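Breakdown of the fold
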Amino acid sequence: MRKTYRILPVYTGDVSGAASALYEFGGMTVIHDPSGCNSTYNTHDETRWFDKESLIYISGLNDIDAITGNDDKFINDICSAAERMKPRFIALANSPLPYLNGTDFKGICRVLEEKTGLPCFYVNTNAMHDYSKGQSEAFLSFAKKMLRGPERKVKNGVNIIGMTPLDLTSTEIHLSGGYELVSNWGLNTSYENAVRATEAELNIAVSSSGIAACKYMQEEYGIPYVKGLPWDGRPCDYTETVREKTKNYIVGEPVISGSVAAYIKTKYGIDYNVIAATEITDGLLSGCDRKCHGEEELEEALKDAENIIADPMVRLISPANADFIELPHFALSGRLYLKRIPNLMKPDLYYPGI
Amino acid sequence: MPTSSDESVRIGDAEFPKPFVNGLEFNAPVHGTWNIVHIGFRIPEAHQIYICADNCLRGVVMTAAEMGELGRFSSVVLEEDDMTHSGRIEETTIEGVTDCLRKLSKIPPVVIVFPVCVHRFMGCDIGYIYKELEKRFPDVIFIRGFMDPVMQKRGTTPDQRLRKAMSDIIPKLPVKEDTVAFAGSDMPASENDFKKILEFNAKTVKDTAACRTLEEYLSIGESSLFICQYPAGLMAAKAITQRLDRKYIYCPLSFDFDTVEEEIRQSGLSVPDGFFEDGKEACIAEMKKLKDLIKDTPVAIDYTAVPKPLSLARFLKDNGINVRTVYLDAVDGSEKADFEYLQKNFPELILHSTMHVSDRRPVRSNEKVLAAGQKAAWFEGTGYFVNIIEGGGLYGFSGICEFIRLMEDAFNNGKDMRDIVPRKGLGCRSCI
């Protein structure tokens, strides 16, 4: 059955994804939820909680307020917190119960803007999707609400879009060839840095979560984008590397997996096919790649594998005779292999080559 | 007196039992307390199945993963179509649980099923689900768990109800008068006067928190007396003793000598000569050692360390210890007398919320602070802390003495707070 998991965990959920994307942007993210979301997030889905402050809260929704649709308490509590904590903006995230009772988040945002004078936006989550969707919605909503046309352009300026610890724990961004980093969404960054994004000449979507915001900036501000990790510090699009069908698989998030596959093909001439196990895949897979949803599909897809690059937990459902290269992914195995997550920008550290 | 909208309040100005206004909630990165996954695994051989949305599932499945217990854990993911099609949520739950069990190499004897808030709000027919599951798996004992935190603010918490559900499967066996069980706690009884007294009375002692086999767990049904020492286990203790027609004693770790003596006397168990006098003397002597050691070092306490944090604060204050802050969000009804005593005699004592929005920016001093409990340690930013939850199985004079010794040890030996407090479920295996 597609919806059951025998041994693998689910990927980080969309609510955590939204919180992770906005973590360093100086706002206040409020998850409308009874309890649990914030604990899950800061325990399993966030590496920065201990060291870096971020205003991420839950509403503490109870049954009566959910049944009666008591939005007043939610609104008043947010206003009090905003007055106290002085965020740059307010972002609201949804969860299953407000989703079920049809809470009007956009309306609440309008009320909050009136009452607090702060920009307020809704991140369309409901806890039923994975983190890539939550991050994508958060980056896009932030872009729509907070970006303005640039006063100046930075020559060869680039933005990194879609970078959070859920996919990339290393904060190192190395650019070469005259490129200059303008804005990073959203690791090792700040509000001031994030809103400079329109000064850039190029966006680099380093994960599927960044694609929607890149498309928006292309349409709204004319900033083109490429997809993929910037190997050797240079923007490149992994989809331009032609790969053939094979029984070597990389399992994970499609942009990162595709980038690694392209790197291996370019450097070693070896084909790997991407098995995208996270949700956003439109335009991100080549003909030899595929999308898998859930443990059962993934186990089936790996049956003929000869070589696998994946998070160590995927080994639990992989054929015993396949060669396995571990590439821990925080959004899957959380803290279990955190200390072993390599800098993805340095593939020689985790792909031994031939 | 108004309830405080600030993150902290002098106890002299605080409102009982809720010193703080409800608002948006912060969550400190401190996770030593047990959640329903840890608790469920207390039943040997039990398998847990959660049926919920991705984001809700993540916390519990990773709890199991970090315990190295994924082999005893399965999940069913709820999606939008389960909410929008009539009857779909029951179907997904039944077929999902069935599929999970059929994928296991061996059907487990006990399965704890956890529906969630959504099941309640969809009006899901839970009775039908269990009826169908029990028909499909007649040899399995299904425990009716629930992960529905939306209900906990105004009623019982999911973990209270889980403890009760876990006790519901203990059968009524012929009573053995010489058998007594500790029940309802997560921590096995350790330095505990009742353990000593039961030994003195030649009783056989069982403990729901320390069973190695399912058979041993179920054999608790032959106990003549149940001892509950943790508030969240009281509902279970009451229910099982009513069902089995047995007696129970409720005695969470208290630091008040009279309370301890009264609770032990009320148990009806024989006590060795001089037990109370010797116990009190030992506590007083140990406390003097502590005072000599730490002098006026500020002390902070949190509610996760002991079931009665104000009882501890009162005891320490009365003995000249510089307790500066107690971290809690509400005061339990059983602590009203201690609250009033502290309010009258030590009005400057600070009560500090652990969830207030301002707690995101805790104000920490550079001075050495001795903390009792992980949350107090995090808020104070100190490595000098007693690493304990739920009273640690301590009770009575021996428990009080041990707690003071732990404070002495904490003062002398700093810990790596950063490494310790984010680990989930103190006392459980941690694979991180």
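For every chain, the first residue of its written sequence is number 1, and the numbers climb from 1 along that sequence. Just so you know, chain letters begin at A and ligand numbers begin at 1, following the order they were written in. It should be noted that, the model being predicted, local features are given only for residues of pLDDT at least 70 and side-chain atom pairs only at 80 or more, the latter also being counted only at that level, while totals for whole chains, interfaces and linings use all residues.

1. Here we look at the overall build of chain A
For chain A, the count of helices and strands is 12 helices and 14 strands. Taken over the C-alpha trace, chain A has a radius of gyration of 20 Å; the compact-globule value for 354 residues is 20 Å, and the two agree within 12%. Exposure in this text rests on C-beta crowding, where 20 or more other C-beta atoms within 10 Å of a residue's own make it buried, 12 or fewer make it exposed, and counts in between make it partly exposed. The C-beta atoms are placed from the backbone. Relative to its full complement of 354 residues, chain A shows a buried share of 57%. By definition, residue pairs are in contact when their C-beta atoms, positioned from the backbone, come within 7 Å. A separation threshold of at least 6 residues defines the contact pool for chain A, and within that pool the share at least 24 residues apart is 67%. Numbering goes from the N terminus for both helices and strands, where a helix is a DSSP run of H or I of at least four residues and a strand is a run of E of at least two. What the globule rule says is 2.2 Å times the number of residues to the power 0.38, and the radius of gyration is computed from C-alpha atoms.

2. Some details on the overall build of chain B
The secondary structure content of chain B amounts to 17 helices and 14 strands. Here the C-alpha radius of gyration of chain B, 23 Å, is about what a compact globule of 432 residues would show, namely 22 Å. Reported as C-alpha extents along the three principal axes, the dimensions of chain B are approximately 65 × 55 × 40 Å. For chain B, the residues scored as buried account for 51% of the 432 residues in total. Within chain B, counting contacts between residues at least 6 apart in sequence, those at least 24 apart form 74% of the total.

3. With respect to the nonpolar core
The nonpolar core is taken to be a set of buried Ala, Val, Leu, Ile, Met, Phe, Trp, Tyr and Cys residues joined by way of C-beta atoms within 7 Å. One finds A:I90, A:F139 and B:I301 to be the most contacted residues of the largest nonpolar core, which totals 235 residues. For A:F139, the contacting residues outside a window of four places in its chain are A:A21, A:I161, A:G162, A:W185, A:S209, A:G210, A:A212 and A:A213.

4. Considering the domain arrangement of chain A
Reports often express the size of an interface as the amount of accessible area lost when the parts come together. Residue and element names in this part refer to chain A. If you check the domain split of chain A, you get domain 1 (14-146), domain 2 (157-233) and domain 3 (241-349). Domain limits in this description derive from either an automatic procedure or a database domain assignment. If you average the C-alpha positions of domain 2 and of domain 3, the two centres end up 23 Å apart. If you look at the interface, domain 2 gives 17 residues, while domain 3 gives 18 residues. Grouping the constituent residues of the side of domain 2 that touches domain 3 by class yields 8 nonpolar, 6 polar and 3 charged. Residue polarity is assigned by list, with Asp, Glu, Lys and Arg as charged and Ala, Val, Leu, Ile, Met, Phe, Trp, Tyr, Cys and Pro as nonpolar; anything else, Gly included, falls into the polar class.

5. Comments concerning the packing of helix α12 (residues 275-294) of chain B against helix α16 (residues 396-412) of chain B
All names here are of chain B. One can describe the packing of α12 onto α16 by two numbers: an axis separation of 9 Å at closest approach and a directional angle of 15°. As summarised for this structure, α12 and α16 are arranged roughly parallel, according to the angle between their axes. Pair α12 / α16 crosses with left-handed handedness. Facing α12, whose interface residues are G279, K280, A282, C283, E286, M287, K289, L290, L293 and I294, α16 presents G396, F397, S398, I400, C401, I404, R405, M407, E408 and F411. In terms of residue class, the contact of α12 with α16 is built from 12 nonpolar, 3 polar and 5 charged. In this analysis, axes come from line fits to C-alpha atoms, helices being fitted only over the stretch in contact, and the angle between any two N-to-C directions falls in the range 0 to 180 degrees. Roughly parallel refers to an angle under 35 degrees, roughly antiparallel to one over 145, roughly perpendicular to one between 65 and 115, and oblique to any angle outside these ranges. Two helices cross in a left-handed way if the nearer one is turned anticlockwise from the farther one by less than a right angle. They cross in a right-handed way if the turn is clockwise.

6. Let's talk about the sheet that holds strand β9 (residues 225-227) of chain A
All names here are of chain A. Between any two strands, pairing holds if DSSP finds at least two bridges. Spatially, 4 strands are ordered β7-β6-β8-β9 in an open sheet, and the strand pairing comes out parallel. Edge positions in the sheet fall to β7 (180-185) and β9, since each of these pairs with one other strand and no more. Going across the sheet, the axis of each strand differs from the next one's by a mean of 25°, ignoring polarity. Bridging between strand β6 (residues 157-161) and strand β8 (residues 202-205) involves 4 bridges; their strand directions are parallel. Counterpart to N159 in the pairing with β8 is N203.

7. Focus on the domain arrangement of chain B
Residue and element names in this part refer to chain B. When the domains of chain B are assigned, the result is domain 1 (8-27 + 274-420), domain 2 (36-160) and domain 3 (176-266). Between the C-alpha centres of domain 1 and domain 3 the distance comes to 26 Å. With 21 residues of domain 1 at the contact, the number on the domain 3 side is 24 residues. For the side of domain 1 that touches domain 3, the secondary-structure elements that each account for two or more residues are α12, α13 (309-318) and α16. The biggest single contributor to the side of domain 1 that touches domain 3 is α16, with 6 residues.

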